[in-house]
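Listed below, chain by chain, are the residues.
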Amino acid sequence: MLQSVLVGLDPHRELVGQIAGLLTVLQYLAGCFTCAEIHRRRSSEGVSPVRFIGGCSLSVLQLQYFRKLQSSSLVATSTCTLSFSVLYTLWFLWYTPAASRGPFYRKALGTTAVTAALCAYGSQAKDPVTLHRLGLIITVLALIFIALPLAQLRKVIRAKSTAALPLPAILASTGASVLWLVYGLLIRNSFIVLQKTIALALCAAQLCLFIIYPATGPSKGEKKQ
């Protein structure tokens, strides 16, 4: 049955990729809420720049890899996510006091050095083995990026509330993962299929938290107990 569905969707593979790309961009738009909160407080204190800096690094690597795959949908998506990540990072830096920018610069320089090294390695990806390794590295980094909201797991369990988790971003990530999985099957790319299969499992785990712990947190009676 799956094979017949894929055969039917094959002529529309680019449309599937474009819709998946749109959902991925919507996922990145969730960063606007964080930036709005930073603007409201006039400070980036208490907000980690890892997601923004990591987004820049991952988008650069994906852009290089997808250009080698010659997929216009994936290249366009990576270009958009890179643009958003750069803007978010600059926004974070703008609202970070000069005296507190040391940790930001260290993270940014370290990430830039690793990204540059991987890009240099990827530029040699003319043989299948090198391209395979580059795809594996990007898959691992992408899964870490998708799983970042789970870093709030301890906070969610303690507060018995999912208010700290970005539900719109997780929903967009879930929809995008489904479509990218279909797209990966259509273009027969094992890395995209593997990455999005695991990504769906991570998204499902995060969505389960919203069922177990409502965003409003425990009731007053529970708190008194």
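Residues numbered from 1 in each chain as written. Predicted model: local features only at pLDDT ≥ 70, side-chain atom pairs only at ≥ 80, totals over all residues. Heavy atoms only, no water.

**Re unusual backbone geometry**
Right, on to step 1. Its identity is not glycine, yet Arg-42 carries a phi of approximately 60°, on the positive side.
Right, on to step 2. Mapped onto the elements, Arg-42 comes out in the loop between helix 3 (31–41) and helix 4 (50–69).
Right, on to step 3. If you check the backbone angles, Arg-188 has positive phi at about 60° while not being a glycine.
Right, on to step 4. By the element assignment, Arg-188 lies in the loop between helix 9 (167–187) and helix 10 (190–212). (Helix = DSSP H or I, 4+ residues; strand = E, 2+ residues; numbered from the N terminus.)

**Some words on helix 2 (residues 13–29)**
Right, on to step 1. In a regular helix each residue adds 1.5 Å, so 17 residues correspond to 24 Å; helix 2 covers 24 Å between its end C-alpha atoms and thus fits that length.
Right, on to step 2. Within helix 2, burial applies to Val-16, Gly-17, Ala-20, Gly-21, Thr-24, Val-25, Gln-27 and Tyr-28.
Right, on to step 3. Its buried side turned inward, helix 2 meets helix 3, helix 4, helix 5 (72–94), helix 7 (128–146) and helix 9. (Expected span 1.5 Å × (residues − 1). Buried < 20%, exposed > 50% of the residue type's maximum accessible area, 1.4 Å probe, protein only. Contact = heavy atoms within 4.5 Å.)

**What about the pattern of salt bridges?**
Right, on to step 1. Evaluation of the coordinates by the stated rule reveals two salt bridges.
Right, on to step 2. Where Glu-37 meets Arg-40, a salt bridge forms, and the shortest distance between an N and an O atom there is 2.6 Å. Of the two residues, Glu-37 and Arg-40 are both situated in helix 3; the distance of three residues between them amounts to about one turn of the helix.
Right, on to step 3. Residue class for Glu-37 comes out partly exposed when judged on its relative accessible area of 30%. (Salt bridge = Lys/Arg side-chain N within 4 Å of Asp/Glu carboxyl O.)

**Concerning a nonpolar patch on the surface**
Right, on to step 1. A contiguous nonpolar surface patch, about 320 Å² in accessible area, is contributed by Leu-136, Val-140, Leu-141 and Ile-144.
Right, on to step 2. Position of Leu-141 relative to the elements: it lies in helix 7. (Patch = residues over 30% accessible without salt bridge, like charges linked within 9 Å, V, L, I, M, F, W, Y side chains within 5 Å. Areas by Shrake-Rupley, 256 points an atom, 1.4 Å probe, with all protein chains shown as cover.)

**Some thoughts on the side chain of Thr-174**
Right, on to step 1. In this fold, Thr-174 is placed in helix 9.
Right, on to step 2. With residues near it in sequence (within four places) discarded, Thr-174 still touches Leu-200, Cys-203 and Leu-207.

**Things to note about the nonpolar core**
In globular proteins that are soluble, nonpolar side chains generally tend to be buried together.
Right, on to step 1. If you look at the biggest cluster of nonpolar residues, it comprises 21 residues, and the most contacted ones within it are Leu-58, Leu-61, Tyr-65, Leu-74, Ile-138, Trp-180 and Tyr-183.
Right, on to step 2. At the level of elements, helix 2, helix 4, helix 6 (102–122), helix 7, helix 9 and helix 10 are the ones that each hand at least two residues to this core.
Right, on to step 3. Tyr-65 has contacts with Leu-131, Leu-134, Gly-135, Ile-138, Asn-189 and Phe-191, leaving out every residue within four places of it along the chain.
Right, on to step 4. With 10 residues, the next largest nonpolar core counts Cys-35, Ile-38, Ile-53 and Ala-108 among its residues. (Core = buried A, V, L, I, M, F, W, Y, C linked by side-chain atoms within 4.5 Å.)

**Topic: the side chain of Thr-96**
Right, on to step 1. Relative to the helices and strands, Thr-96 resides in the loop between helix 5 and helix 6.
Right, on to step 2. Reaching out from Thr-96, the side chain makes a polar contact with the side chain of Ser-44 at a distance of 2.6 Å.
Right, on to step 3. Setting aside its immediate chain neighbours within four residues, Thr-96 contacts Ser-44 and Arg-101. (Polar contact = N/O pair within 3.5 Å; in protein donor to acceptor, adjacent residues only side chain to side chain.)

**A short note on the state of the cysteines**
Right, on to step 1. Going through the model one piece at a time under the given rule, you end up with zero disulfides.
Right, on to step 2. We note that Cys-56 lacks a disulfide partner, and the nearest cysteine sulfur, in Cys-35, lies 11 Å from it.
Right, on to step 3. Take Cys-56: its relative accessible area is 17%, and that puts it in the buried class.
Right, on to step 4. Among the cysteines around Cys-208, which has no disulfide bond, Cys-203 carries the closest sulfur, lying 11 Å off.
Right, on to step 5. Owing to a relative accessible area of 40%, Cys-208 belongs among the partly exposed residues under this scheme. (Disulfide = S-S within 2.5 Å.)

**Brief notes about the confidence of the model for the protein chain**
Predicted coordinates in areas of low pLDDT are best not read in detail.
Right, on to step 1. Across the protein chain, the average pLDDT comes to 82, with 92% of residues at or above 70.
Right, on to step 2. Summarising per-element confidence for the protein chain, the mean pLDDT is lowest in helix 11 (residues 220–224) (43) and highest in helix 6 (92).
Right, on to step 3. Predicted confidence is poor over residues 217–225, with pLDDT under 50, and the contacts of this stretch with residues over four places away or in other chains come to six contacts. (pLDDT = per-residue confidence, 0-100.)

**Digging into the packing of helix 2 against helix 9**
Right, on to step 1. The N-to-C vectors of helix 2 and helix 9 enclose an angle of 155°; their axes lie 8 Å apart at closest approach. Comparing the axis directions of helix 2 and helix 9 gives the class roughly antiparallel. Considering only the axes of helix 2 and helix 9, their crossing is left-handed. For the pair helix 2 and helix 9, the contacting residues are Arg-13, Glu-14, Val-16, Gly-17, Ile-19, Ala-20, Gly-21, Leu-23, Thr-24, Leu-26 and Gln-27 in the first and Ala-169, Ala-172, Ser-173, Gly-175, Ala-176, Leu-179, Trp-180, Val-182, Tyr-183, Leu-186 and Ile-187 in the second. (Axes fitted to C-alpha atoms, helices over the stretch in contact; angles between N-to-C directions. Parallel < 35°, antiparallel > 145°, perpendicular 65-115°, else oblique. Left-handed = near helix turned anticlockwise from the far one by under 90°.)

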